[in-house]
Amino acid sequence: MATASYGYYRGTIFLAMFLGYTLYYFNRKTFSFVMPSLMQEIQLDKDDLGMITSSQSLAYAISKFISGVLSDQISARWLFSIGLCMVGGINVVFSWSSTVAVFSGLWFLNGLGQGLGWPPCGRVLRKWFEPSQFGTWWAILSCSMNLAGSLGPIIATVLTQSYSWRTILFVSGMICVAASFFCLLLIKNEPKDVGLPSIEAAANKSKGGSSSDESTLSEFLLSPYLWLLSMSYLVVFGVKTACTDWGQLFLIQDKGQSALMGSSYMSALEVGGLFGSLAAGYLSDKAVAKQRKTLYGNPRHFILVCMMAGMFVSMYLFRVTVTADSSKVWILSLGAAFGFSSYGPIALFGVIANESAPSNYCGTSHAIVALMANIGGFLSGLPFSTIAKHHGWETAFWVAEVSCGVTTIGFILLRNIRTKMGHVSKKAE
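Residues numbered from 1 in each chain as written. Predicted model: local features only at pLDDT ≥ 70, side-chain atom pairs only at ≥ 80, totals over all residues. Heavy atoms only, no water.

Break down the side chain of R10 for me, with residues and values.
Take R10: it is sitting in helix α1 (residues 2-28). Only 2.7 Å separates the side chain of R10 from the backbone oxygen of W128, close enough to count as a polar contact. Those residues within four positions of R10 in sequence are excluded, and the remaining contacts are W128, F129, E130, Q133 and I199. (Helix = DSSP H or I, 4+ residues; strand = E, 2+ residues; numbered from the N terminus. Polar contact = N/O pair within 3.5 Å; in protein donor to acceptor, adjacent residues only side chain to side chain. Contact = heavy atoms within 4.5 Å.)

Below, the structure is given as structure tokens:
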């Protein structure tokens, strides 16, 4: 009976989070989706568009860090639902607005609300799923972003044929608000909330450890593994962002490819990324089920370093072998290979940071590594383009390639350090 109850609650909670986060992501991108229609009514230049979108990105980075810390202190279901309601309400108000200043202010608030979405999901997944299932369900949940990102533009384009952009944002926002109340009712923080035994406690006892793995903040922050993950994630996310943001220009300006080929390369990269996330989660879960986690090393490391090495190889081949006469199939294959091998580690860093942390700091752990990833994303912008401006795209991508290679080698050398963050009892050691 308990197994049936677990299955019912897991299915209900996961479906609520998946649909909820799909709405989160759709309403993060609604401005981009309706931009052509909006610009027919309101005159906006490139600086205006940049200000509106950048305001959201800045707020999102700040909010996601704060939310990760808060998710360890307050109810995850309330945090997730409040954020979803906030995002929906802001989209509704946005549909009533008409000036750049108001657009920017509201989209900044949208970014703050957006940051409340993912950290609670990670905490709830850890509480409801065994370690050998965690990576797979994390990867599947992250596909909600791919779903919203791929269907969103199509839905918005079809709807703009019959409705104004204001109507689309209003309805989308109201659906978000309504969904937030369903999420509040359906999502449960942990099994104990519905009278079921704790999965984490059972997992710890099966390994012969204590049922509690809580630590102090200082013990957690002084864990070398936390900072190994953070620095590695900074480089991997920065390199991935550089390739997604600038790869198209590199192909067109340096390699003599057409604009169509450039956009096709980006599409291939995203498709490869979807499969890479799922493969990383599934295969690393298989490794966890087979080997079990110990204080030193992690069964997921093998998949992680293989994919990081794949990033380096696909970048090298992209930089060295692609010319104006290269086969389109070859270029698209390299794009898919890079997407597969870069999105996989991005999924795994989040999973590992969450599951390796003490139970009272799993949200904070993910918040720290995600903040470092955002710093990497920033470095892939102006600093990367500055290198390209003074030394060319070839040199800029060589720098990214070397950074990826050095980080991969460093991670391989340090892969067997103590991976359990925070306090560890002498008995466990």
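Would you mind going over the confidence of the model for the protein chain in detail, with residue names and values included?
For the protein chain, the average pLDDT comes to 85, and 94% of its residues sit at 70 or higher. Ranking the elements of the protein chain by mean pLDDT puts helix α9 (residues 199-206) last with 58 and helix α4 (residues 76-94) first with 95. (pLDDT = per-residue confidence, 0-100.)

Any details on the nonpolar core? Residues and values, ideally.
Core analysis: the largest hydrophobic core is formed by 51 residues, its most contacted members being L229, F349 and F411. Only α11 (224-254), α12 (259-291), α13 (301-321), α14 (328-356), α15 (362-379), α16 (382-391) and α17 (393-413) provide two or more residues apiece to this core. With 12 residues, α11 is the single largest residue contributor to this core. With residues near it in sequence (within four places) discarded, F349 still touches L229, S232, Y233, V236, L304, M308 and F411. Of all hydrophobic cores here, the second largest spans 31 residues; its members include Y60, L79, C121 and I187. (Core = buried A, V, L, I, M, F, W, Y, C linked by side-chain atoms within 4.5 Å. Buried < 20%, exposed > 50% of the residue type's maximum accessible area, 1.4 Å probe, protein only.)

Outline the pattern of salt bridges, supporting the account with residue identities and numerical values.
Applying the stated criterion across every chain yields a total of eight salt bridges. Between K255 and E394 there is a salt bridge whose closest N-O contact spans 3.6 Å. Of the two residues, K255 sits in the loop between α11 and α12 while E394 sits in helix α17, which places them 139 residues apart along the sequence. Look at the salt bridges and you will find they share partners, linking K255, R319, E394 and E401 into a network. (Salt bridge = Lys/Arg side-chain N within 4 Å of Asp/Glu carboxyl O.)

If you had to explain the layout of surface pockets to someone new, which residues and values would you point to?
In this approach a probe as big as a water molecule rolls over the atoms, and the regions it shows empty are the leftover space. Approximately 1900 Å³ is the volume found for the largest pocket. Along the walls of the largest pocket sit 50 residues, with Y25, R28, K29, F237 and K240 positioned nearest its centre. Looking at the lining of the largest pocket element by element, the count peaks at eight residues for α15. Residues belonging to the lining of the largest pocket are distributed by class as follows: 25 nonpolar, 19 polar and six charged. (1 Å grid on protein atoms, 1.4 Å probe; cavity = no way out; pocket = protein on both sides within 12 Å on 5 of 7 lines; lining within 4 Å. Points joined across faces, edges and corners; volume = space filled by probe spheres on them. Nonpolar A, V, L, I, M, F, W, Y, C, P; charged D, E, K, R; others polar.)

Provide a residue-level description of the packing of α11 against α14, including the pertinent values.
Contact geometry for α11 and α14: axes closest at 10 Å, N-to-C directions at 155 degrees. Classified by the angle between their axes, α11 and α14 sit roughly antiparallel to one another. At the point where α11 passes α14, the crossing takes the left-handed sense. Across the interface between the two elements, Y225, L229, S232, Y233, V236, F237, V239, K240, C243 and L251 from α11 touch I331, F338, S342, Y343, P345, I346, F349, I352, A353 and S356 from α14. In the contact of α11 with α14, the residues fall into 16 nonpolar, three polar and one charged. (Axes fitted to C-alpha atoms, helices over the stretch in contact; angles between N-to-C directions. Parallel < 35°, antiparallel > 145°, perpendicular 65-115°, else oblique. Left-handed = near helix turned anticlockwise from the far one by under 90°.)

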